[in-house]
Amino acid sequence: GIVGGAPGMVGAALLAGRAALKCGAGLVTLGVLDEAVRVDFSTPELMFAQPDRLVADPALTVLAIGPGLGQTRAAFELVAAALRHPAPLVVDADGLNCLAQREELAQACAMRTAPTLLTPHAGEAARLLKVGIDDIQARREQAAQELAASFNAWVVLKGAGSVLARPDGTTSINPSGNPALSAPGMGDVLTGMLAAFLARLPPWDALRLAVWLHGQAADDAVARQLGPEGLTASELIEQVRNRLNAA
(Lines give C-alpha, C1' and ligand atoms only; values in the text may rest on other atoms or scores of the structure.)
Protein backbone atom coordinates (compact mmCIF):
# COMPACT_ATOMS: atom_id res chain seq x y z
CA GLY A 1 0.00 0.00 0.00
CA ILE A 2 1.25 3.50 -0.90
CA VAL A 3 -0.43 6.60 0.53
CA GLY A 4 -0.02 10.13 -0.84
CA GLY A 5 -1.04 12.10 -3.90
CA ALA A 6 -2.86 15.17 -2.62
CA PRO A 7 -4.45 17.42 -5.28
CA GLY A 8 -1.73 18.79 -7.53
CA MET A 9 0.76 16.14 -6.39
CA VAL A 10 -0.83 12.91 -7.60
CA GLY A 11 2.12 12.18 -9.86
CA ALA A 12 4.33 11.46 -6.85
CA ALA A 13 2.11 8.60 -5.69
CA LEU A 14 1.74 7.27 -9.23
CA LEU A 15 5.51 7.19 -9.71
CA ALA A 16 5.96 5.30 -6.45
CA GLY A 17 3.26 2.82 -7.40
CA ARG A 18 4.65 2.25 -10.89
CA ALA A 19 8.14 1.72 -9.49
CA ALA A 20 6.86 -0.82 -6.98
CA LEU A 21 5.08 -2.74 -9.75
CA LYS A 22 8.13 -2.71 -12.02
CA CYS A 23 10.26 -4.04 -9.16
CA GLY A 24 8.02 -7.09 -8.79
CA ALA A 25 5.86 -6.07 -5.82
CA GLY A 26 2.81 -7.87 -7.15
CA LEU A 27 -0.44 -6.24 -6.01
CA VAL A 28 0.06 -2.51 -5.38
CA THR A 29 -2.76 -0.35 -4.01
CA LEU A 30 -2.61 3.44 -3.91
CA GLY A 31 -4.41 5.53 -1.32
CA VAL A 32 -4.61 8.84 -3.21
CA LEU A 33 -5.89 11.92 -1.39
CA ASP A 34 -7.11 13.51 -4.62
CA GLU A 35 -10.56 11.96 -4.87
CA ALA A 36 -10.77 12.73 -8.59
CA VAL A 37 -8.08 10.13 -9.36
CA ARG A 38 -9.12 6.50 -9.16
CA VAL A 39 -7.22 4.95 -12.07
CA ASP A 40 -3.80 5.27 -13.65
CA PHE A 41 -4.58 4.91 -17.34
CA SER A 42 -0.94 4.30 -18.28
CA THR A 43 -0.59 1.62 -15.58
CA PRO A 44 -4.04 0.09 -15.08
CA GLU A 45 -2.53 -2.69 -12.95
CA LEU A 46 -2.43 -0.26 -10.01
CA MET A 47 -5.33 -0.59 -7.58
CA PHE A 48 -6.89 2.32 -5.67
CA ALA A 49 -8.48 2.58 -2.22
CA GLN A 50 -9.57 5.27 0.20
CA PRO A 51 -6.42 6.42 2.07
CA ASP A 52 -7.92 6.04 5.55
CA ARG A 53 -9.00 2.48 4.75
CA LEU A 54 -5.68 1.56 3.19
CA VAL A 55 -3.58 2.61 6.21
CA ALA A 56 -5.78 0.38 8.37
CA ASP A 57 -5.81 -2.65 6.05
CA PRO A 58 -4.45 -5.61 8.05
CA ALA A 59 -3.69 -7.54 4.85
CA LEU A 60 -0.89 -5.19 3.77
CA THR A 61 2.58 -6.73 3.74
CA VAL A 62 4.24 -3.29 3.42
CA LEU A 63 2.99 0.27 3.76
CA ALA A 64 4.63 3.41 2.34
CA ILE A 65 3.48 6.96 3.02
CA GLY A 66 4.58 10.40 1.94
CA PRO A 67 4.88 10.93 -1.83
CA GLY A 68 2.75 13.98 -2.60
CA LEU A 69 1.00 13.63 0.78
CA GLY A 70 0.89 17.33 1.70
CA GLN A 71 0.80 18.64 5.24
CA THR A 72 -2.91 19.04 5.86
CA ARG A 73 -4.75 17.79 8.92
CA ALA A 74 -5.70 14.68 6.95
CA ALA A 75 -2.04 14.08 6.15
CA PHE A 76 -1.04 14.17 9.82
CA GLU A 77 -3.87 11.78 10.70
CA LEU A 78 -2.81 9.36 7.97
CA VAL A 79 0.80 9.39 9.16
CA ALA A 80 -0.36 8.67 12.71
CA ALA A 81 -2.44 5.74 11.44
CA ALA A 82 0.43 4.44 9.31
CA LEU A 83 2.73 4.43 12.33
CA ARG A 84 0.22 2.21 14.14
CA HIS A 85 0.14 -0.35 11.31
CA PRO A 86 2.00 -3.59 12.17
CA ALA A 87 3.58 -3.98 8.72
CA PRO A 88 7.01 -2.69 7.68
CA LEU A 89 6.72 1.01 6.86
CA VAL A 90 8.49 3.40 4.46
CA VAL A 91 8.19 7.11 5.29
CA ASP A 92 9.22 9.66 2.67
CA ALA A 93 8.72 13.30 1.65
CA ASP A 94 5.79 14.95 3.44
CA GLY A 95 5.53 11.93 5.70
CA LEU A 96 8.93 12.95 7.05
CA ASN A 97 7.84 16.57 7.35
CA CYS A 98 4.88 15.44 9.44
CA LEU A 99 7.23 13.52 11.73
CA ALA A 100 9.40 16.62 12.08
CA GLN A 101 6.48 18.84 13.09
CA ARG A 102 4.75 16.63 15.65
CA GLU A 103 6.69 15.22 18.59
CA GLU A 104 4.02 12.61 19.25
CA LEU A 105 4.52 11.22 15.74
CA ALA A 106 8.29 11.09 16.21
CA GLN A 107 7.78 9.19 19.46
CA ALA A 108 5.31 6.80 17.82
CA CYS A 109 7.88 6.09 15.12
CA ALA A 110 10.61 5.37 17.69
CA MET A 111 8.32 2.94 19.50
CA ARG A 112 7.38 0.86 16.46
CA THR A 113 8.32 -2.82 16.62
CA ALA A 114 7.99 -3.46 12.88
CA PRO A 115 10.78 -2.13 10.63
CA THR A 116 10.62 1.54 9.64
CA LEU A 117 12.58 3.00 6.72
CA LEU A 118 13.14 6.76 6.44
CA THR A 119 14.36 8.38 3.22
CA PRO A 120 15.25 12.04 3.90
CA HIS A 121 17.26 14.40 1.76
CA ALA A 122 19.39 16.95 3.60
CA GLY A 123 16.57 19.45 4.08
CA GLU A 124 14.21 16.84 5.53
CA ALA A 125 16.99 15.48 7.74
CA ALA A 126 17.67 18.98 9.05
CA ARG A 127 14.01 19.39 9.99
CA LEU A 128 13.91 15.97 11.67
CA LEU A 129 17.02 16.70 13.75
CA LYS A 130 16.13 20.40 14.20
CA VAL A 131 19.45 21.68 12.88
CA GLY A 132 20.57 23.57 9.78
CA ILE A 133 21.14 22.00 6.39
CA ASP A 134 24.81 23.02 6.48
CA ASP A 135 25.19 21.04 9.71
CA ILE A 136 23.73 17.94 8.04
CA GLN A 137 26.00 18.26 5.01
CA ALA A 138 29.09 18.77 7.18
CA ARG A 139 28.56 15.48 9.03
CA ARG A 140 26.37 13.33 6.84
CA GLU A 141 27.36 9.95 8.27
CA GLN A 142 26.85 11.10 11.86
CA ALA A 143 23.52 12.70 10.94
CA ALA A 144 22.30 9.45 9.39
CA GLN A 145 23.32 7.59 12.54
CA GLU A 146 21.47 10.09 14.72
CA LEU A 147 18.33 9.74 12.63
CA ALA A 148 18.49 5.94 12.78
CA ALA A 149 18.95 5.96 16.54
CA SER A 150 16.38 8.67 17.29
CA PHE A 151 13.63 7.16 15.17
CA ASN A 152 14.54 3.46 15.59
CA ALA A 153 14.72 3.23 11.82
CA TRP A 154 16.75 2.17 8.83
CA VAL A 155 17.72 5.41 7.09
CA VAL A 156 19.02 6.58 3.74
CA LEU A 157 20.28 10.15 3.84
CA LYS A 158 20.00 10.93 0.15
CA GLY A 159 22.50 12.95 -1.85
CA ALA A 160 25.87 12.49 -3.52
CA GLY A 161 27.18 9.39 -1.79
CA SER A 162 23.91 8.49 -0.04
CA VAL A 163 24.52 7.37 3.54
CA LEU A 164 22.67 4.29 4.80
CA ALA A 165 22.33 3.71 8.55
CA ARG A 166 20.87 1.02 10.76
CA PRO A 167 19.35 1.57 14.22
CA ASP A 168 22.46 -0.04 15.77
CA GLY A 169 24.71 2.60 14.22
CA THR A 170 26.08 0.56 11.31
CA THR A 171 26.55 2.71 8.20
CA SER A 172 27.30 2.23 4.53
CA ILE A 173 27.99 4.66 1.67
CA ASN A 174 26.24 3.94 -1.62
CA PRO A 175 28.62 4.18 -4.61
CA SER A 176 26.15 4.39 -7.50
CA GLY A 177 24.28 7.35 -8.96
CA ASN A 178 24.82 10.71 -10.63
CA PRO A 179 23.28 14.21 -10.76
CA ALA A 180 20.32 12.97 -12.82
CA LEU A 181 18.81 11.75 -9.54
CA SER A 182 18.17 15.35 -8.47
CA ALA A 183 15.30 15.60 -10.97
CA PRO A 184 11.69 15.77 -9.71
CA GLY A 185 10.08 12.46 -8.80
CA MET A 186 13.29 10.46 -8.38
CA GLY A 187 12.71 10.11 -4.65
CA ASP A 188 9.18 8.87 -5.26
CA VAL A 189 10.58 6.13 -7.49
CA LEU A 190 12.97 5.12 -4.70
CA THR A 191 10.07 4.91 -2.24
CA GLY A 192 8.22 2.47 -4.50
CA MET A 193 11.36 0.41 -4.97
CA LEU A 194 11.94 0.23 -1.22
CA ALA A 195 8.36 -0.90 -0.63
CA ALA A 196 8.71 -3.64 -3.24
CA PHE A 197 11.95 -5.00 -1.82
CA LEU A 198 10.87 -4.64 1.80
CA ALA A 199 8.02 -7.04 1.04
CA ARG A 200 10.52 -9.87 0.53
CA LEU A 201 13.85 -8.89 2.10
CA PRO A 202 15.11 -7.87 5.55
CA PRO A 203 15.20 -4.08 5.98
CA TRP A 204 18.97 -3.61 5.61
CA ASP A 205 19.09 -5.76 2.48
CA ALA A 206 16.05 -4.00 0.99
CA LEU A 207 17.56 -0.59 1.70
CA ARG A 208 20.97 -1.39 0.24
CA LEU A 209 19.50 -3.04 -2.86
CA ALA A 210 17.00 -0.27 -3.59
CA VAL A 211 19.46 2.59 -3.13
CA TRP A 212 22.18 0.90 -5.18
CA LEU A 213 19.77 -0.12 -7.96
CA HIS A 214 18.24 3.37 -8.06
CA GLY A 215 21.69 4.88 -8.60
CA GLN A 216 22.88 2.20 -10.98
CA ALA A 217 19.80 2.64 -13.16
CA ALA A 218 20.68 6.32 -13.46
CA ASP A 219 24.25 5.37 -14.36
CA ASP A 220 22.90 2.97 -16.99
CA ALA A 221 20.77 5.75 -18.44
CA VAL A 222 23.79 8.04 -18.71
CA ALA A 223 25.76 5.27 -20.42
CA ARG A 224 22.95 5.04 -22.98
CA GLN A 225 23.03 8.84 -23.45
CA LEU A 226 19.58 9.24 -21.89
CA GLY A 227 20.98 11.58 -19.23
CA PRO A 228 22.04 13.12 -16.99
CA GLU A 229 20.35 16.12 -18.61
CA GLY A 230 16.64 15.62 -19.02
CA LEU A 231 16.34 12.09 -17.56
CA THR A 232 12.88 11.84 -16.01
CA ALA A 233 11.72 9.73 -13.10
CA SER A 234 9.35 7.83 -15.38
CA GLU A 235 12.25 6.91 -17.66
CA LEU A 236 14.32 5.80 -14.69
CA ILE A 237 11.73 3.17 -13.76
CA GLU A 238 12.34 1.38 -17.06
CA GLN A 239 16.10 1.46 -16.45
CA VAL A 240 15.52 0.03 -12.96
CA ARG A 241 13.56 -2.93 -14.32
CA ASN A 242 16.17 -3.58 -17.02
CA ARG A 243 19.01 -3.64 -14.50
CA LEU A 244 17.03 -5.72 -12.00
CA ASN A 245 16.42 -8.42 -14.57
CA ALA A 246 20.01 -8.32 -15.82
CA ALA A 247 21.46 -8.85 -12.34
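Computed from a prediction, not measured in an experiment: that's the story for all the values here.

Draft legend 1. Inspection of the side chain of S176 at higher detail. Here S176 lies in the loop between strand 9 (171-173) and helix 9 (186-198). Judged by relative accessible area, S176 falls into the buried class, the value being 11%. Within the structure, S176 has its side chain in polar contact with the backbone oxygen of W212 (distance 2.8 Å). Among the polar contacts made by the side chain of S176, one reaches the main-chain amide nitrogen of Q216 at a distance of 3.4 Å. The residues touching S176, leaving out its near neighbours within four places in the chain, are V211, W212, G215, Q216 and D219.

Draft legend 2. Molecular detail of the sheet that holds strand 4 (residues 63-65). Strand order in this open sheet of 9 strands is 3-2-1-4-5-6-7-8-9, and the pairing throughout is mixed. Edge positions in the sheet fall to strand 3 (47-48) and strand 9, since each has one partner strand and no second. Across 3 bridges, the pairing between strand 8 (residues 163-165) and strand 9 is antiparallel. Looking at strand 9, one finds that L164 is bridged to S172. Sheet strands touched by helix 1 (residues 10-22): strand 1 (2-4), strand 2 (29-32) and strand 3. Its angle to strand 2, the strand with the most contacts, is close to 170°.

Draft legend 3. Up close: the packing of helix 4 (residues 94-101) against helix 5 (residues 103-110). Two numbers describe how helix 4 lies on helix 5: the axes approach to 5 Å, and their chain directions differ by 110°. The orientation of helix 4 relative to helix 5 falls into the category roughly perpendicular. Along the contact surface, helix 4 presents C98, L99 and Q101, while helix 5 presents E103, L105, A106 and C109. Looking at the contact of helix 4 with helix 5, its residues break down into 5 nonpolar, 1 polar and 1 charged.

Draft legend 4. Structural context of unusual backbone geometry. A cis amide bond links G227 with the next residue in sequence, P228, at an omega value of 10°. As for its position among the elements, P228 is in the loop between helix 10 (203-223) and helix 11 (233-246). Even without a glycine there, the phi angle at A93 is positive, about 50°. When you line up the elements, A93 lands in the loop between strand 5 (89-91) and helix 4. Taking the relative accessible area as the measure of exposure, A93 reaches 17% and is therefore buried. Within the chain, N152 stands out as a residue other than glycine whose phi angle is a positive 55°. Residue placement: N152 occurs in the loop between helix 8 (140-151) and strand 7 (154-157). Residue classification places N152 among the partly exposed residues on the basis of a relative accessible area of 29%.

Rules used throughout
- Residues numbered from 1 in each chain as written.
- Predicted model: local features only at pLDDT ≥ 70, side-chain atom pairs only at ≥ 80, totals over all residues.
- Heavy atoms only, no water.
- Helix = DSSP H or I, 4+ residues; strand = E, 2+ residues; numbered from the N terminus.
- Buried < 20%, exposed > 50% of the residue type's maximum accessible area, 1.4 Å probe, protein only.
- Polar contact = N/O pair within 3.5 Å; in protein donor to acceptor, adjacent residues only side chain to side chain.
- Contact = heavy atoms within 4.5 Å.
- Pairing = 2+ DSSP bridges.
- Axes fitted to C-alpha atoms, helices over the stretch in contact; angles between N-to-C directions.
- Parallel < 35°, antiparallel > 145°, perpendicular 65-115°, else oblique.
- Nonpolar A, V, L, I, M, F, W, Y, C, P; charged D, E, K, R; others polar.

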